[in-house]
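# Report on the structure
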Amino acid sequence: MTTECRICAGPVEEFLDLGRQPLSDAFRRPDDTRPEFFYRLAVGVCGTCSMVQLVEEVPRERMFHEDYPYVSRGSAVMREHFRGVAERFIAIADDPFVVELGCNDGTMLRTVAEAGVRHLGVEPSGGVADLAAADGVRVRKDFFEEATARDIRAADGPADVIYAANTLCHIPYMGSILRGVDALLAPDGVFVFEDPYLGDIVEKTSFDQIYDEHFFLFSARSVDEMARRHGLELVDVERLAVHGGEVRYWLARPGVRPRTAAVDALLAEEAELASRVVLDGFANRVQKIRADLVALLTDLRERGERVVGYGATAKSATVTNLCGIGPDLVEFICDTTPAKQHRLAPGSGIPVRPPADFADPYPPYALLFAWNHAEEIMAKERAFRDAGGKWITYVPEVRVL
Ligand code: JHZ
Ligand code: SAH
Ligand code: ZN
């Protein structure tokens, strides 16, 4: 099946179908009898600009609304990560104006606000935006797009930094976003964003990074092409370890900043990344992981062993719904997020419970859905290991640790 590229209108060729999937962050009340929303989760690659993207788009209001449950503050590693980013932005100019798209609960901007630096968060999900405001962050409850950007520019002046973490790849209407960036960014300003990196996803076969909210899977090549089409330049890239491997892209107006060697190095590394040989190989490995995981969980059930999920991630919706994993295979998922607890995970109907239930008593096996936070979680759950518990992971392959 061929669709039209959301960046360049070129032909998008589908290479992986992950089937009928629910909204990844729609955790339902147990008494909710309304039918669940499903769509077809499939991924393709543009033959012209090489952007990897979803074939079907979910309307933004279905995903991002008052009850959007994800909060950035759930991980100590991420809190530290965002404090570091904030400190760099604070020091980027005299009296800078820092705008963050998708500021969520204000985890990054909080540091900027505490330093007394001019800032604005743009966040359409009302509940999490309220958390940011409660922490002293100036936030506008809105979707960022061209009109919002023009408004902000008129009210607050040009931005020295426009930043988006795990947000830009969520937005299919990229033309409007980049026209907005052009309207809002100061002549020598920078547009910085970080998102899961296609290179890491392919290398680790982390197919669960593919779900409704992750419309684009960026690479240096596709971002370079996207920037150029919108009068911007990709001037730097940084590889990040968070969320299983991301890249932070720095864009500026042409001629403002020299392009670093890191950009050329990453572009060279990506020579084959968007080829059908590489992407078809990825798709084949996904099917192997699916078969191995179903076989392992089915075997454990037959032996009467309990398995509990750890981390009710958005990613886990892709895994459970692709593999047909329900409460018969995973008893419940424990998670620290208040808005997910005592709800049912989307599609699978697996109950979500507070972390205290994990130890009461410890199961023999825990399926680590939040594998990107493995180090942090395994450190805090040392007692599970000590009690004889074993972790199950499926990235980069199914293993019992
Ligand atoms: P985590 C979300 O993805 C959605 P998810 C979104 N699309 C995105 O891109 C990323 O975030 C940024 C819990 N947890 O970070 C908290 C514990 O219970 O992998 C979270 O519910 N105990 C915006 O959902 C989940 O796990 C812990 O110790 O895939 C982790 O979600 C820790 C560290 C986390 O993102
Ligand atoms: N930056 C945080 C939060 C990522 S969650 C982090 O990295 O942890 C993605 C956020 O983007 C959600 O809070 C969602 O409401 C927001 N979002 C979605 N579309 C947006 C848009 N058009 N403009 C601004 N924020 C948007
Ligand atoms: Zn394209």
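Numbers given to residues run from 1 along each chain, matching the order in which its sequence is written. Think of it this way: whatever chain is written first is A, whatever ligand is written first is 1, and the rest follow in order. Totals for whole chains, interfaces and linings use every residue, but because this is a predicted model, local features are given only for residues with pLDDT of at least 70 and side-chain atom pairs only at 80 or more, for both listing and counting. Where side-chain values are given, they derive from all heavy atoms of the structure, hydrogens and water being excluded.

### So, the site of ligand 1
Our working rule: We call a residue near a molecule or strand whenever a single non-hydrogen atom of that residue lies within 4 Å of it. Here a polar contact means two N or O atoms within 3.5 Å. Within protein one must be a hydrogen donor candidate and the other an acceptor candidate, and residues neighboring in sequence count only if both atoms are side-chain atoms. Where accessible areas are quoted, they stem from the Shrake-Rupley method and a 1.4 Å probe; at the residue level, only the protein chains shown are allowed to cover. Helix and strand assignments follow DSSP, with helices taken as H or I runs no shorter than four residues and strands as E runs no shorter than two, numbered in order from the N terminus. Throughout this entry, Asp, Glu, Lys and Arg are counted as charged residues, while Ala, Val, Leu, Ile, Met, Phe, Trp, Tyr, Cys and Pro are counted as nonpolar. The remaining residues, Gly among them, count as polar.
Around ligand 1 there are 26 residues in total, and H170, E213, K315, D335 and K380 lie nearest to it. K315 is positioned with one of its side-chain polar atoms (N or O) 2.7 Å from an oxygen atom of ligand 1. Contact between ligand 1 and D335: an oxygen atom at 2.6 Å from a side-chain N or O atom of the residue. Isolated, ligand 1 exposes 720 Å² of accessible area, and the fraction of that covered by the protein chains is 96%. Among the elements of the structure, α11 (314–323) and α12 (374–380) are those that each provide at least two residues to the shell around ligand 1. Top contributing element to the shell around ligand 1 by residue count: α12, with 3 residues. Residues that form the shell around ligand 1 fall into these classes: 7 nonpolar, 12 polar and 7 charged.

### Digging into the UniProt feature "domain: C-methyltransferase" (unreviewed entry) in the chain
Where we set the bar: UniProt positions are given in the numbering used here, feature names are shortened, and annotations may be inferred rather than shown by experiment.
Here, UniProt's "domain: C-methyltransferase" (unreviewed entry) annotation points to residues 242–396. For residues 242–396, the end-to-end C-alpha separation is 16 Å, with 37% helix and 15% strand making up the annotated structure.

### Regarding the side chain of S50
The cut-off we apply is this: We call two residues contacting when some pair of their heavy atoms lies within 4.5 Å.
Along the chain, S50 falls in the loop between β3 (38–46) and β4 (52–54). Look past the residues within four positions of S50 in its chain and what remains in contact with it is V45, S219, R221, S222 and A274.

### Remarks on the nonpolar core
What counts here: Note on terminology: a nonpolar core comprises buried Ala, Val, Leu, Ile, Met, Phe, Trp, Tyr and Cys residues joined through side-chain atoms within 4.5 Å. Buried, partly exposed and exposed residues are distinguished by accessible area as a fraction of the type maximum, computed with a 1.4 Å probe on protein chains only: under 20%, between the cut-offs, and over 50%, respectively.
One finds F193, F218, Y249, L293 and Y394 to be the most contacted residues of the largest nonpolar core, which totals 109 residues. With 9 residues, helix α10 (residues 276–302) is the single largest residue contributor to this core. With residues up to four places along the chain from it excluded, the contact list for Y249 reads F191, V192, F193, Y197, F218, S219, A220, V223, L234, D236 and V237. Counting residues in hydrophobic clusters, the runner-up holds 23 residues, among them M78, V85, A132 and V190.

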